Each structure stands twice: as C-alpha cells, then as structure tokens.
Amino acid sequence: MRPHAVAGAAYGVLAVTDTVLAAAPPRWRRWRSVTKPLLMPALAVRRGAGPVVAAAQACSWAGDVALMREGRRPFLAGLCSFLAAHVAYVVAFRGRSSVPLLGSPGRRRVLVAGGLAAAGMAAAAAREDTAVALPVAAYGSTLAAMVAAASAIDRDRGRTRVLAGASLFLLSDTLLGVRTFLLHDRAPALDGAVMATYTAAQWCIADGTARVR
C-alpha cells in the first residue's frame, strides 16, 4: 500500500475507535488519551493539502489535546486553538477561490445566520461562565466564515468535499455547544455524534484540498 493510503486507513481506524470510546461507559473513555491525540498526526501524514491546511491541522491537534481536560482554562485553550485552525482554513479556502467572499447572497446569509447563532450560543455560555461568552461568540462567527469560504471555493478546486467537511464541522460544533451549554447531564450518544461528525469533517477537508491543488 502507498504511504498515504496507510495513513488514511490509520486515520479511519482511529476515528471510528475514538467515536465509539466517546460514547462508551467511563471505564473505557480513558483510552481516548491514546486515540484522540493521534487523530490529527495520522491525518497530517496524508500529505498534499498544503502548508496552510497543515497549520490548521496542527491547531486542531492542540485543540483536541486541550479539550481532553475539564475546566475553564483548558476549554478556552481548546477554543482558541480551533479558532486559529478555522482562520487557517479560511486562508486556505480563499486561495482556492476566484470570487469575493461576500459576493453571493447565500454566503452573506451564512455569515449573518452564523453570527446570530454564535450570539445565541454565547448567551447560553454566559449563564454558566461569563468569561467564556465573548470567546464563544468570536469562535462561532469564525466558524461561519469558514463555511462561507468553503462554499466560495471554485468548483474544480475541491469545493464539494471541502464544503461537506466545513458543514460537518459546523454540525459537530453545534452539537458540542448543545452538550456543553444546554445539557446538564452527559449524553454519551451525543458525545459520539460530536466525534463522528468532527473526524468526518477533518477528513473531507483534507481529502478535498489534497486531491486538487
């Protein structure tokens, strides 16, 4: 097998395993200290997406590691890491686009809707901890910009796969926000859904940007 195929298979195994562990009883979840930190390195081995996407994957790895711990400080560290990842993704996606980001009514609606959703999630976060409200709002708006940038990629430069990944990222973070700020009890099935959509999102973005340069 070629190295990129081996790396892809390894990422798939890790993604499925970590998703199952995320939804498993507590005694099994400790094994995520092995699987989760290996996700982004396995994906990064499948080269070809470019240095900016690689930087986004590195920031995602930092976010994955930070969010393995509980508390305000790890949460903010993880959120800031993923915010940086989305900024890097926006830069990478704009390099694949020949149209203005705000040139489409649909993209403008995505940004407005994303901003409103971010404000709502920030308000929910403020009920638990006011210190995280502004970072949550900034993160949500950046995530919406990433989705809009993905939709502006030229059709012959990987738009379909990348947009699928960006949309899955949005879904994953929405589920994570619901679990973190709206639900008071841990929902194992929801934890599994968060990881399933997140790992699929990262794969689609990496695959879409690597196939067409």
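Going by the structure above, here's the rest.
Below, the structure is looked at part by part.

Here is what the cut-offs are and how they apply
- Residues numbered from 1 in each chain as written.
- Predicted model: local features only at pLDDT ≥ 70, side-chain atom pairs only at ≥ 80, totals over all residues.
- Heavy atoms only, no water.
- Patch = residues over 30% accessible without salt bridge, like charges linked within 9 Å, V, L, I, M, F, W, Y side chains within 5 Å.
- Areas by Shrake-Rupley, 256 points an atom, 1.4 Å probe, with all protein chains shown as cover.
- Salt bridge = Lys/Arg side-chain N within 4 Å of Asp/Glu carboxyl O.
- Helix = DSSP H or I, 4+ residues; strand = E, 2+ residues; numbered from the N terminus.
- Buried < 20%, exposed > 50% of the residue type's maximum accessible area, 1.4 Å probe, protein only.
- Expected span 1.5 Å × (residues − 1).
- Contact = heavy atoms within 4.5 Å.
- Core = buried A, V, L, I, M, F, W, Y, C linked by side-chain atoms within 4.5 Å.
- Axes fitted to C-alpha atoms, helices over the stretch in contact; angles between N-to-C directions.
- Parallel < 35°, antiparallel > 145°, perpendicular 65-115°, else oblique.
- Left-handed = near helix turned anticlockwise from the far one by under 90°.
- Nonpolar A, V, L, I, M, F, W, Y, C, P; charged D, E, K, R; others polar.

**With respect to a nonpolar patch on the surface**
Then step 1. Taken together, the side chains of W28, W31, V34 and L38 make up a nonpolar region of the molecular surface, amounting to roughly 410 Å² of accessible area.
Then step 2. Among the secondary structure elements, V34 is positioned in helix α3 (residues 32-45).
Then step 3. For V34, a relative accessible area of 43% gives the class partly exposed.

**Section: helix α8 (residues 159-182)**
Since there are 3.6 residues in each turn of an α-helix, residues three or four apart along the chain are aligned in direction.
Then step 1. With 24 residues, α8 extends 33 Å between its outermost C-alpha atoms, agreeing within 8% with the 34 Å of an ideal straight helix rising 1.5 Å per residue.
Then step 2. The set of residues buried in α8 consists of V162, G165, A166, F169, S172, D173, G177 and F181.
Then step 3. Structurally, α8 contributes buried residues whose contacts are with α5 (72-94), α6 (105-128), α7 (133-151) and α9 (188-211).

**A few points about the nonpolar core**
Then step 1. Counting 43 residues, the largest nonpolar core has Y11, L39, Y89, F93, V136, M146 and F169 as the members making the most contacts within it.
Then step 2. Only α1 (3-22), α3, α4 (51-66), α5, α6, α7, α8 and α9 provide two or more residues apiece to this core.
Then step 3. Residue contributions to this core peak at nine residues, all from α7.
Then step 4. If we skip the residues at most four places from it in the chain, L39 touches Y11, L14, A15, D18, M195 and T199.

**Quick notes on the pattern of salt bridges**
Then step 1. Under the criterion given, the structure shown has four salt bridges.
Then step 2. A salt bridge links R72 to D129; the shortest N-O distance between them is 2.7 Å. Of this pair, R72 sits in helix α5 while D129 sits in the loop between α6 and α7, and the two are 57 residues apart along the sequence.
Then step 3. With a relative accessible area of 19%, D129 lands in the buried category.
Then step 4. Residues D207 and R161 are paired through a salt bridge, measuring 3.0 Å at the closest nitrogen-oxygen approach. Of this pair, D207 sits in helix α9 while R161 sits in helix α8, placing them 46 residues apart in sequence.
Then step 5. With relative accessibility at 40%, the residue R161 sits in the partly exposed group.

**Re α5**
Then step 1. With 23 residues, α5 extends 33 Å between its outermost C-alpha atoms, agreeing within 8% with the 33 Å of an ideal straight helix rising 1.5 Å per residue.
Then step 2. Within α5, burial applies to P74, G78, L79, S81, F82, A85, H86, A88, Y89, V90, A92 and F93.
Then step 3. In this fold, the buried residues of α5 make contact with α4, α7, α8 and α9.

**So, the environment of W203**
Then step 1. Locating W203 in the fold gives a position in helix α9.
Then step 2. Classification of W203 by relative accessible area gives partly exposed; the value is 28%.
Then step 3. Sequence separation between W203 and A15 is 188 residues, and the spatial gap between their C-alpha atoms is 9.6 Å.
Then step 4. Every residue in contact with W203, bar those within four places of it in the chain, is listed here: G8, Y11, L43 and R46.

**Some details on the packing of α6 against α7**
Then step 1. In the contact formed by α6 and α7, the axes pass within 8 Å of each other and the chain directions differ by 160°. In terms of orientation, α6 lies roughly antiparallel with respect to α7. The handedness of the crossing between α6 and α7 is right-handed. Counting all contacts with α6, which are made through R107, V110, L111, G114, G115, A118, M121, A122, A125 and A126, the residues of α7 involved are A133, V136, A137, G140, S141, A144, A145, V147, A148 and S151.
Then step 2. Partitioned by chemical class, the residues of the contact of α6 with α7 number 14 nonpolar, five polar and one charged.

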